[in-house]
Amino acid sequence: FGAILLTVLGLKCTKIGSASETEKSHMVLAGGVMSLLSGSFTLIAVSWYAGGVIQDFYSPTFGGVRFELGSGVYLGWVAACLSLLGGSFLCSICRRTSSPVRSYNYRAALPPDGSHAHKPGQTIYTAAPPSDSSTAKAYV
């Protein structure tokens, strides 16, 4: 229940409180981790019970009532797998805010003497002037 609650509060469309994008991302990540944990614990519990049932069923010395695997065990396995799948999706969609933002500054290389003059054989290209719309053919 806590995983669902945290995930719903972390959605971008939910406007409860004044949480920033990073706080909402952390809420969704916490909900995903809780969903992964609940799926893991459910899978362990259901598999443990199923192992006990199978062990008692095939034991020749067991004198009690013999149970078989029923629909509840299979539904538990499906629920655990869906919880693991949902938790992994929630954890994978969270943005990593800790990665540094890289910015690049590109500057033209200056000659060794520091002057801004261009070499005689160097051509500098500039944008063409806008053409007159009355003489240009427009294709629509």
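Residues numbered from 1 in each chain as written. Predicted model: local features only at pLDDT ≥ 70, side-chain atom pairs only at ≥ 80, totals over all residues. Heavy atoms only, no water.

*Asks:* Whenever I open this one, the overall build of the protein chain confuses me. Can you help?
*Replies:* Summing up its helical and strand segments, the protein chain has three helices and zero strands in all. Counting every position in the protein chain, which comprises 140 residues, the buried fraction comes to 16%. Excluding contacts between residues fewer than 6 apart, the proportion of contacts in the protein chain whose partners are at least 24 apart in sequence is 60%. With an accessible surface of roughly 11800 Å², the protein chain has 65% of that area assigned to carbon and sulfur atoms. (Helix = DSSP H or I, 4+ residues; strand = E, 2+ residues; numbered from the N terminus. Buried < 20%, exposed > 50% of the residue type's maximum accessible area, 1.4 Å probe, protein only. Contact = heavy atoms within 4.5 Å. Areas by Shrake-Rupley, 256 points an atom, 1.4 Å probe, with all protein chains shown as cover.)

*Asks:* Explain a nonpolar patch on the surface here, please?
*Replies:* On the surface, Leu29, Val33, Leu37, Phe41, Ile44 and Trp48 cluster together into a nonpolar patch covering about 650 Å² of accessible area. Take Trp48: it is sitting in helix α2 (residues 21–58). Overall, the relative accessible area of 70% leaves Trp48 in the exposed class. (Patch = residues over 30% accessible without salt bridge, like charges linked within 9 Å, V, L, I, M, F, W, Y side chains within 5 Å. Salt bridge = Lys/Arg side-chain N within 4 Å of Asp/Glu carboxyl O.)

*Asks:* It is not clear to me how the packing of aromatic side chains should be interpreted in this structure. Could you clarify?
*Replies:* To describe a pair of aromatic rings, one takes the distance between the centres and the angle between the planes. Counted by the stated rule, this structure contains two aromatic pairs. Ring geometry for Phe57 versus Tyr58: centroids 5.1 Å apart, planes at 90 degrees, classification edge-to-face. On the basis of relative accessibility, which here comes to 64%, the residue Tyr58 falls in the exposed class. Aromatic side chains Tyr74 and Trp77 sit 5.7 Å apart centroid to centroid with 65 degrees between the ring planes, which places their arrangement in the edge-to-face category. With Tyr74 and Trp77 both in helix α3 (residues 71–93), this residue pair falls three residues apart, about one helical turn. For Tyr74, a relative accessible area of 44% gives the class partly exposed. (Phe/Tyr/Trp six-rings, centres within 6.5 Å; stacked < 30°, edge-to-face > 60°.)

*Asks:* Just to check I follow, could you spell out the packing of helix α1 (residues 2–9) against α2 for this structure?
*Replies:* For any two helices packed against each other, one specifies the inter-axial angle together with the distance between the axes. Running from N to C, α1 and α2 cross one another at 160 degrees; their axes reach a closest spacing of 8 Å. Taken together, α1 and α2 sit at an angle that is classed as roughly antiparallel. The interaxial crossing formed by α1 with α2 has left-handed handedness. Where α1 abuts α2, its residues Gly2, Ala3, Leu6, Thr7 and Leu9 lie against Lys24, Met27, Val28, Ala30, Gly31, Met34 and Ser35. Classifying every residue of the contact of α1 with α2 gives seven nonpolar, four polar and one charged. (Axes fitted to C-alpha atoms, helices over the stretch in contact; angles between N-to-C directions. Parallel < 35°, antiparallel > 145°, perpendicular 65-115°, else oblique. Left-handed = near helix turned anticlockwise from the far one by under 90°. Nonpolar A, V, L, I, M, F, W, Y, C, P; charged D, E, K, R; others polar.)

*Asks:* Where do I start with the packing of α2 against α3 in this structure?
*Replies:* The interhelical angle for the contact between α2 and α3, taken along N-to-C directions, is 160 degrees, at an axis separation of 7 Å. Classified by the angle between their axes, α2 and α3 sit roughly antiparallel to one another. The crossing of α2 and α3 is left-handed. In the contact of α2 with α3, the residues fall into 15 nonpolar, 13 polar and no charged.

*Asks:* Where do I start with the side chain of Thr7 in this structure?
*Replies:* Checked against the element boundaries, Thr7 lands in helix α1. The exposure class of Thr7 is buried, given its relative accessible area of 13%. With residues near it in sequence (within four places) discarded, Thr7 still touches Val28, Gly31 and Leu90.

*Asks:* Would you mind showing me how to read α2 here?
*Replies:* Given 3.6 residues per turn, any residue in an α-helix points the same way as the ones three and four places further on. Taking 1.5 Å as the rise per residue, α2 with 38 residues should run 56 Å; its terminal C-alpha atoms sit 55 Å apart, in good agreement. Within α2 the residues assigned to the buried category are Lys24, Ser25, Val28, Gly31, Gly32, Ser35, Gly39, Val46, Ala50 and Val53. On its buried side, α2 packs onto α1 and α3. (Expected span 1.5 Å × (residues − 1).)

*Asks:* Looking at this structure, how should I read the confidence of the model for the protein chain?
*Replies:* Parts of the prediction with low pLDDT should not have their coordinates interpreted in detail. Put simply, the protein chain has an average pLDDT of 79, and 67% of its residues get 70 or more. Within the protein chain, no element has a lower average pLDDT than α1, which sits at 87, and none a higher one than α3, at 95. (pLDDT = per-residue confidence, 0-100.)

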